[in-house]
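# Notes for the structure review
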Amino acid sequence: MSEFIEKIPLAKEDARQDFLNAENLGGLESMRVRHLGVNGAFTALLKQIGKLSKEEKPTAGKAINIAKRELETLLKERKEILENDALKPNRPSDFSLPGRKSFTGSLHPLTQVTEDIVRIFRKIGFAVADGPEIEDEYHCFDALNTPADHPARDTHDTFYLKSEDPPPLLRTHTSSVQIRVMKKAKPPIRIVVPGRVYRRDSADATHNPTFQQIEVLYVDRKVTVRDLRATVEYVFRELLGKVVKIRLRPHYFSYTEPSFEIDFSSPLVRSMGKEWLEIAGCGMVHPQVFENVGYDPEAWSGWAFGFGIERIAMIRYGINDIRLFYENDQRFLNQF
Ligand code: DAH
């Protein structure tokens, strides 16, 4: 008898240690099964009671039940502690979990439009590229075949920084990134470049000294104006709806030949009393530009286009003053 009774506190201590040492809920559960489960140590002890004498049975049974109840209480406490631990943030982070949605605020309307445009281009295999806002004349103008007497290079049109000679400047367009990318990478190229640009405009309803552009460049073999047109149409229809119509009108840019302006028409434009609205410049990359970056113009062809993001956002949301985007007035921003 005494031998059997002695086993009970030992088995209990064994279980107690295992429950206390379990590091997580899974570990605790397997310890529960080991000690208190149907095939566990305590069940085995209970089964042996039958073999004891009539006098021993009640004492042993009582001792086992008390020990079991105590262990069950401990198990419950440990479970609560481990459940709480599981919710604590000081555990190793799982970076594959989806991000939490932010509960206040929203993205600026220009950011929303930019992200939408970039997403549309990514769907057709374009990668996002970037370049510096403080540029040199070479990337902004010379390499883009823009001659020294071009009005864009006038100090009244451009912000030059007098710190160095020749002075760097705030880029007047994102086309400079075409040069930076082509100088670094071999064709084929498919890039979309969102970015901020600067011009010496005074602010009015449709102008601001700083605004944002998207530049797109595609270089491959045997690229045609038809590819350009189809891409432009696809992008603007995805962005502003299937009712959108596109037209290319001959124009001049020094870095493309032929060059076009892209006009766009939709019920919204017509409701503004116009049939067409110009929204972008584009063309086939000029052979001289390919020469400047070291591409063989006989082997490679490409198109480029660029447009202002504010203009698109104004059309999309029916906004009539560009300055609203930069005033940070909550009454305006809260609508997006
Ligand atoms: N850089 C021009 C601007 O700022 C827009 C532009 C025109 C971009 C023609 C191009 C292009 O890539 O081919 O007005």
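### Some remarks on the layout of surface pockets
In this structure, the largest pocket encloses a volume near 1,400 Å³. Arg199, Phe211, Gln213, Glu261 and Glu278 are the residues nearest the centre of the largest pocket, which is lined by 50 residues in total. Elements represented by at least two residues in the lining of the largest pocket include exactly strand S5 (210-220), strand S6 (245-253), strand S7 (256-265), strand S8 (277-285), strand S9 (301-308) and helix H11 (309-317). Looking at the lining of the largest pocket element by element, the count peaks at seven residues for S8.

### Some thoughts on the sheet that holds S6
Strand order in the open sheet formed by seven strands is S1-S4-S5-S9-S8-S7-S6, with mixed pairing between adjacent strands. The open sheet terminates on both sides in strands that have one partner only, identified here as strand S1 (127-128) and S6. Alignment of S7 against S8, held across seven bridges, turns out to be antiparallel. Paired with Ser259 across the two strands is Gly283, which belongs to S8. The strands that helix H5 (residues 109-123) touches are S1, strand S4 (189-198), S5 and S9; relative to S5, the one it contacts most, it runs at about 5°.

### With respect to the packing of helix H2 (residues 25-36) against helix H4 (residues 56-87)
Each pair of packed helices gets described by two things: the angle between the helix axes and the distance between those axes. Two numbers describe how H2 lies on H4: the axes approach to 10 Å, and their chain directions differ by 170°. Looking at the two axes, H2 sits roughly antiparallel to H4. Taking contact as the criterion, the partners of Leu25, Leu28, Arg32 and Leu36 in H2 are, on H4, Lys68, Leu71, Glu72, Leu75, Arg78, Lys79, Leu82 and Glu83.

### Overview of the environment of Arg78
Mapped onto the fold, Arg78 is located in helix H4. The exposure class of Arg78 is buried, given its relative accessible area of 13%. A sequence separation of 158 residues divides Arg78 from Phe236, and the C-alpha atoms of the two residues are 60 Å apart.

### A short note on the pattern of salt bridges
Counted by the stated rule, this structure contains 20 salt bridges. A salt bridge links Arg153 to Asp142, with the nearest nitrogen and oxygen atoms 3.2 Å apart. Of this pair, Arg153 sits in the loop between helix H6 (137-140) and strand S3 (169-170) while Asp142 sits in the loop between H6 and S3; the two residues are 11 residues apart in sequence, bridging distant segments of the chain. Judged by its relative accessible area of 11%, Arg153 is buried. By relative accessible area, Asp142 is classed as partly exposed at 37%. The partner of Glu233 in a salt bridge is Arg229, with the nearest N and O atoms 2.9 Å apart. Taken as a pair, Glu233 and Arg229 lie in helix H8 (residues 225-240) at a separation of four residues, close to a single helical turn. Judged by relative accessible area, Glu233 falls into the partly exposed class, the value being 21%. By relative accessible area, which is 31% here, Arg229 ends up partly exposed. Beyond isolated ion pairs, a larger network of salt bridges with shared partners links Arg247, Arg249, Glu261 and Asp263.

### Considering the pairing of S5
Most of S5 is tucked away, with 10 of its 11 residues classed as buried. Here S4 runs beside S5; their pairing, made up of 10 bridges, is antiparallel. Across the sheet, the residue bridging to Val193 is Glu215, located in S5. Relative to S9, S5 runs antiparallel, the two being bridged by eight bridges. The residue of S9 that forms the bridge with Val216 is Phe305.

### Here we look at the packing of aromatic side chains
For the coordinates displayed, the defined rule picks out 13 aromatic pairs. Centroid distance Trp303 to Phe305: 5.8 Å. Interplanar angle 45°. Geometry classified as tilted. By relative accessible area, which is 1% here, Trp303 ends up buried. Overall, the relative accessible area of 1% leaves Phe305 in the buried class. Taken together through their ring pairs, the aromatic side chains of Phe121, Phe126, Tyr218, Phe236, Trp303, Phe305 and Phe307 make up a single cluster. Across from the ring centre of Trp300, 4.0 Å away, lies the NZ or CZ of Arg221, which sits over that ring.

Thresholds, definitions, all that
Residues numbered from 1 in each chain as written. Predicted model: local features only at pLDDT ≥ 70, side-chain atom pairs only at ≥ 80, totals over all residues. Heavy atoms only, no water. 1 Å grid on protein atoms, 1.4 Å probe; cavity = no way out; pocket = protein on both sides within 12 Å on 5 of 7 lines; lining within 4 Å. Points joined across faces, edges and corners; volume = space filled by probe spheres on them. Helix = DSSP H or I, 4+ residues; strand = E, 2+ residues; numbered from the N terminus. Pairing = 2+ DSSP bridges. Contact = heavy atoms within 4.5 Å. Axes fitted to C-alpha atoms, helices over the stretch in contact; angles between N-to-C directions. Parallel < 35°, antiparallel > 145°, perpendicular 65-115°, else oblique. Buried < 20%, exposed > 50% of the residue type's maximum accessible area, 1.4 Å probe, protein only. Salt bridge = Lys/Arg side-chain N within 4 Å of Asp/Glu carboxyl O. Phe/Tyr/Trp six-rings, centres within 6.5 Å; stacked < 30°, edge-to-face > 60°. Lys NZ or Arg CZ within 6 Å of the ring centre and 35° of its normal.

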